[in-house]
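Residues per chain, in single letters:
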Amino acid sequence: EAGVAQSPRYKIIEKRQSVAFWCNPISGHATLYWYQQILGQGPKLLIQFQNNGVVDDSQLPKDRFSAERLKGVDSTLKIQPAKLEDSAVYLCATRTGTFVSSYNEQFFGPGTRLTVL
Amino acid sequence: RKEVEQDPGPFNVPEGATVAFNCTYSNSASQSFFWYRQDCRKEPKLLMSVYSSGNEDGRFTAQLNRASQYISLLIRDSKLSDSATYLCVVWGYQKVTFGTGTKLQVIP
C-alpha cells in the first residue's frame, strides 16, 4: 500500500515570499491533517479535514496560512507571506474513519522541511 | 497548563536498562491515548495504543491512569535502536494533541 506522499521535501525561501505544499493521502483515507513541527517540539495541528470539509482550523494562522482539499483527496497548504518563524517541518497525516468515530492510527508523510531566510 | 505535557529529556540510558516516560494531559474527557515514535528527521510512527487495562507489546508496556490523568511508557532491556523521540498523543472529541516528545538515547 502506498503511503502518504508530500512534495516538495525541502524548500528554502526568503521572508515575505509565498510557498505551497502538497499532500496526497493514502487511498480511501477520509481524514487529513496538516501539522507544523518546529525543531525540538511536537507536531502542532494546523488544520483537519474530513473529506473536503474543514473540521478544525482553530490553530491555523489565517492571516497568512490557507489550506484546501478539493474533491476530498489531495490537499495543499499555502503560506503567504512567509515569516522567519514559519521555518519548520510541515507534516501531512491521514487516517481512515470519521471524526465521530473512535480515533485510529494516523499515517504521516515524510514532511516538507521549510527554511525561511 | 499545557494540554499534553512530557519531560523533553534527554534520557541517556545504557543498553539493557529499563526506562519509563510519563505524559500528563489536562482534559479529563480525553478518550484515546497513544505513543508514537519519531526518529531523527523522520515522520512520527505509531508505537502502540494505550488501553485502560494497560497493554504490552514485547519490551514495551503502556499504562493509563485516568484518575491522575497520565499515561506511561516502559521500555525494558533497552536497545540502541530504541534511541528516538517518543511522542504522547491524546485524542478527544474531534481533536488530537501531540506532546512535545521525550528524547531517549541508549548508550552502548
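Asks: Looking at this model, I keep getting lost on the pattern of salt bridges. Mind explaining?
Replies: Side chains that differ in sign of charge can pair as their charged atoms come close. All names here are of chain B. Here the structure, examined in full by the defined rule, presents 7 salt bridges over all chains. The closest approach of N and O atoms between D82 and R59, which form a salt bridge, is 2.8 Å. In this pair, D82 is assigned in the loop between strand 8 (70-75) and strand 9 (84-92) and R59 in the loop between strand 6 (55-57) and strand 7 (60-65), connecting sequence segments 23 residues apart. With relative accessibility at 21%, the residue R59 sits in the partly exposed group.

Asks: Help me out: how do you make sense of the sheet that holds strand 8 of chain B in this one?
Replies: In a beta sheet, neighbouring strands are held together by backbone hydrogen bonds and run either parallel or antiparallel to one another. All names here are of chain B. If you trace the 5 strands from one edge of the open sheet to the other, you get 1-3-8-7-6, paired in antiparallel fashion. Edge positions in the sheet fall to strand 1 (4-6) and strand 6, since each has one partner strand and no second. Across the sheet, the axes of successive neighbouring strands diverge by a mean angle of 20 degrees, strand direction being ignored. Sheet topology places strand 7 next to strand 8; 6 bridges connect them, and they run antiparallel. Looking at strand 8, one finds that Q63 is bridged to S72.

Asks: Got a minute to help me understand the packing of aromatic side chains in this structure?
Replies: In this description, an aromatic ring pair is defined by two values, namely the gap between the centres and the angle between the planes. The full count for this structure, using the stated rule, is 11 aromatic pairs over all chains. Considering the side-chain rings of Y25 of chain B and F33 of chain B, the 4.8 Å spacing of their centres and the 45 degrees angle between planes classify their relative orientation as tilted. Judged on exposure class, the residue Y25 of chain B and its partner F33 of chain B are both buried. Every member of this aromatic cluster is reached through a ring pair, and the members are Y33, Y35 and F108 of chain A together with Y36 and F98 of chain B. Over the ring of W91 of chain B we find R95 of chain A; its NZ or CZ atom is 5.1 Å from the centre of that ring.

Thresholds, definitions, all that
Residues numbered from 1 in each chain as written. Chains lettered and ligands numbered in written order. Predicted model: local features only at pLDDT ≥ 70, side-chain atom pairs only at ≥ 80, totals over all residues. Heavy atoms only, no water. Salt bridge = Lys/Arg side-chain N within 4 Å of Asp/Glu carboxyl O. Helix = DSSP H or I, 4+ residues; strand = E, 2+ residues; numbered from the N terminus. Buried < 20%, exposed > 50% of the residue type's maximum accessible area, 1.4 Å probe, protein only. Pairing = 2+ DSSP bridges. Axes fitted to C-alpha atoms, helices over the stretch in contact; angles between N-to-C directions. Phe/Tyr/Trp six-rings, centres within 6.5 Å; stacked < 30°, edge-to-face > 60°. Lys NZ or Arg CZ within 6 Å of the ring centre and 35° of its normal.

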